[in-house]
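One-letter residues, chain by chain:
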Amino acid sequence: NAGVMQNPRHLVRRRGQEARLRCSPMKGHSHVYWYRQLPEEGLKFMVYLQKENIIDESGMPKERFSAEFPKEGPSILRIQQVVRGDSAAYFCASSGSGGTYEQYFGPGTRLTVT
Amino acid sequence: GENVEQHPSTLSVQEGDSAVIKCTYSDSASNYFPWYKQELGKRPQLIIDIRSNVGEKKDQRIAVTLNKTAKHFSLHITETQPEDSAVYFCAASKPGGSYIPTFGRGTSLIVHP
């Protein structure tokens, strides 16, 4: 029973480059959430997606950040023209359909911008 | 929007003691309250949750209590062990088009052997 998968686990980018973070939800889950965690801080919601739909992106910066969850394949969080302030751990979580609340987290991607 | 306050930010106990972490929330419509444990460098893991139709839930050494009137809920860990050392996050969520929990800032629990 594979859990939530994220890759890469660690990503180093220079300022101005693009970062692509991938998340495969648990089998049978169709809801994906992305969170950002700064050192010694809590989890900040970024975006909530279902297959082919963005449900809520109220926590995502308006510029440089985008997310998708295509019909086939993983969900992708894309950060264009990264800046040092983007350095953080990015976690995705998935939950099942039918109104279940429980979220299961992936191992995270630690992005470092040099 | 929802606001979740969590206290204390750091909690240090001796092995075998009990630990209590408290959270308050602002939105009376919230009805689902999960707790997550995050070990250093690891993912947050759901350890227990409670819904608003119950006041208390227990799972071995871990219990959660909910007071809807006062809008606060607490995590209780009894007979703490060094492996309980981690950051614990509370969250509050409500029904609606998107089930997005609001997280507290976390409590760093240190259990000294």
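Our structure's up above, just so we're on the same page.
Right, let's walk through the structure included here. As the structure is a prediction and not an experimental result, all values here were calculated from the model. (Residues numbered from 1 in each chain as written. Chains lettered and ligands numbered in written order. Predicted model: local features only at pLDDT ≥ 70, side-chain atom pairs only at ≥ 80, totals over all residues. Heavy atoms only, no water.)

### Brief notes about the state of the cysteines
Residue and element names in this part refer to chain A.
Then comes step 1: Inspection of the entire model under this criterion finds two disulfides over all chains.
Then comes step 2: Bridging Cys-23 to Cys-92, the disulfide has an S-S length of 1.9 Å. Taking the sign of the S-S torsion, 75 degrees for the link of Cys-23 and Cys-92, the bridge is right-handed. Linking Cys-23 in strand β3 (residues 19-24) with Cys-92 in strand β9 (residues 88-96), this pair joins segments that are 69 residues apart in sequence. (Disulfide = S-S within 2.5 Å. Helix = DSSP H or I, 4+ residues; strand = E, 2+ residues; numbered from the N terminus.)

### Some thoughts on the packing of aromatic side chains
Each aromatic ring pair is summarised here by two numbers: the centre-to-centre distance and the angle between the ring planes.
Then comes step 1: Summed over all chains, the structure comprises twelve aromatic pairs over all chains.
Then comes step 2: Measuring from centroid to centroid gives 5.5 Å for Tyr-35 of chain A and Phe-103 of chain B, while their planes differ by 85 degrees, and the two rings are edge-to-face. Placement of the pair is Tyr-35 of chain A in strand β4 (residues 29-37) and Phe-103 of chain B in strand β10 (residues 102-103), with the two residues belonging to separate chains.
Then comes step 3: The exposure class assigned to Tyr-35 of chain A is buried, which follows from its relative accessible area of 0%.
Then comes step 4: According to the relative accessible area criterion, Phe-103 of chain B is buried, its value standing at 9%.
Then comes step 5: Plain terms: the ring middles of Tyr-25 of chain B and Phe-33 of chain B are 4.7 Å apart, the flat faces sit at 45 degrees to each other, and that makes the pair tilted. You'll find Tyr-25 of chain B and Phe-33 of chain B in the same group, each marked buried.
Then comes step 6: Among the aromatic residues, ring-to-ring pairing joins Tyr-35, Phe-45, Phe-91 and Phe-105 of chain A together with Tyr-36 and Phe-103 of chain B into one connected group. (Phe/Tyr/Trp six-rings, centres within 6.5 Å; stacked < 30°, edge-to-face > 60°. Buried < 20%, exposed > 50% of the residue type's maximum accessible area, 1.4 Å probe, protein only.)

These values are about where atoms sit, not about what they do.
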